[in-house]
Structure formats: C-alpha cells, structure tokens
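Each chain is listed here by its residues.
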Amino acid sequence: MGPVIVVHRPSRGGGRRVTVGPATLGLARTDADLIEFLRRAGLENAEDIVLSDSPHIVWRGGRAHEYDAG
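Overview of the structure.

What counts and what doesn't
Residues numbered from 1 in each chain as written. Predicted model: local features only at pLDDT ≥ 70, side-chain atom pairs only at ≥ 80, totals over all residues. Heavy atoms only, no water. Helix = DSSP H or I, 4+ residues; strand = E, 2+ residues; numbered from the N terminus. Contact = heavy atoms within 4.5 Å. Core = buried A, V, L, I, M, F, W, Y, C linked by side-chain atoms within 4.5 Å. Buried < 20%, exposed > 50% of the residue type's maximum accessible area, 1.4 Å probe, protein only. Lys, Arg positive; Asp, Glu negative; His and termini not counted. Salt bridge = Lys/Arg side-chain N within 4 Å of Asp/Glu carboxyl O. Polar contact = N/O pair within 3.5 Å; in protein donor to acceptor, adjacent residues only side chain to side chain.

## Focus on the environment of valine 4
Phase 1 of the analysis: Its place among the elements puts valine 4 in the segment before strand S1 (5-10).
Phase 2 of the analysis: On a C-alpha basis, the gap between valine 4 and threonine 19 in space is 8.4 Å, while along the polypeptide they are 15 residues apart.
Phase 3 of the analysis: Those residues in contact with valine 4 that lie beyond four places of it in its chain are Thr19, Val20, Gly21, His56 and Val58.

Have a look at this one:
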C-alpha cells in the first residue's frame, strides 16, 4: 500500500474531506463515497480497506465511519 489515506474531521455542513498524500479525492458523506473515491484512485480492494478499519486509513477529528459534524 502506498501513502496513508486521511479522512479529515467532519465539516460543518457534513461530510469529510479525503486525502491521499497531497491529493484531495473528494468530500465523503458515507462509507460508500469513501470506497468510490479510493476505487477511482486505483485501489482495487477499497471496500476491504474501509470496512476492515485498515491501519492505512487515518480518521481525524471524529469517530471512524461518522460523517456528520454532530
């Protein structure tokens, strides 16, 4: 696996920015969005990475798999 995937803190409007290295992949509002961004970035096992709480994903500023600022 290459660079670490960072899921940033939830924004005030909901959703979390997703980055890999210096690249922003998008604003995820669900795990399905996150999986799709990772697939588009070329990760064939994106679903396994997200749903297995892989150490390759860093969740910042909130609980994993929660996308609302709450």
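## Some thoughts on the nonpolar core
Phase 1 of the analysis: Counting residues in each nonpolar core, the largest one holds 15 residues, and the members touching the most others are Ile5, Leu34, Leu38 and Ile57.
Phase 2 of the analysis: Elements represented by at least two residues in this core include exactly S1, strand S2 (16-20), helix H1 (31-40), helix H2 (46-51) and strand S4 (57-59).
Phase 3 of the analysis: Ranked by residue count, the leading element in this core is H1, at four residues.
Phase 4 of the analysis: For isoleucine 57, the residues in contact, after removing those within four places along its chain, are Ile5, Val7, Ile49 and Val50.

## Remarks on the side chain of arginine 16
Phase 1 of the analysis: Residue placement: arginine 16 occurs in strand S2.
Phase 2 of the analysis: Despite being buried, arginine 16 has no salt bridge partner; glutamate 66 is the closest side chain of opposite charge, sitting 6.5 Å away.
Phase 3 of the analysis: At 2.9 Å, the side chain of arginine 16 and the backbone oxygen of arginine 63 are in polar contact.

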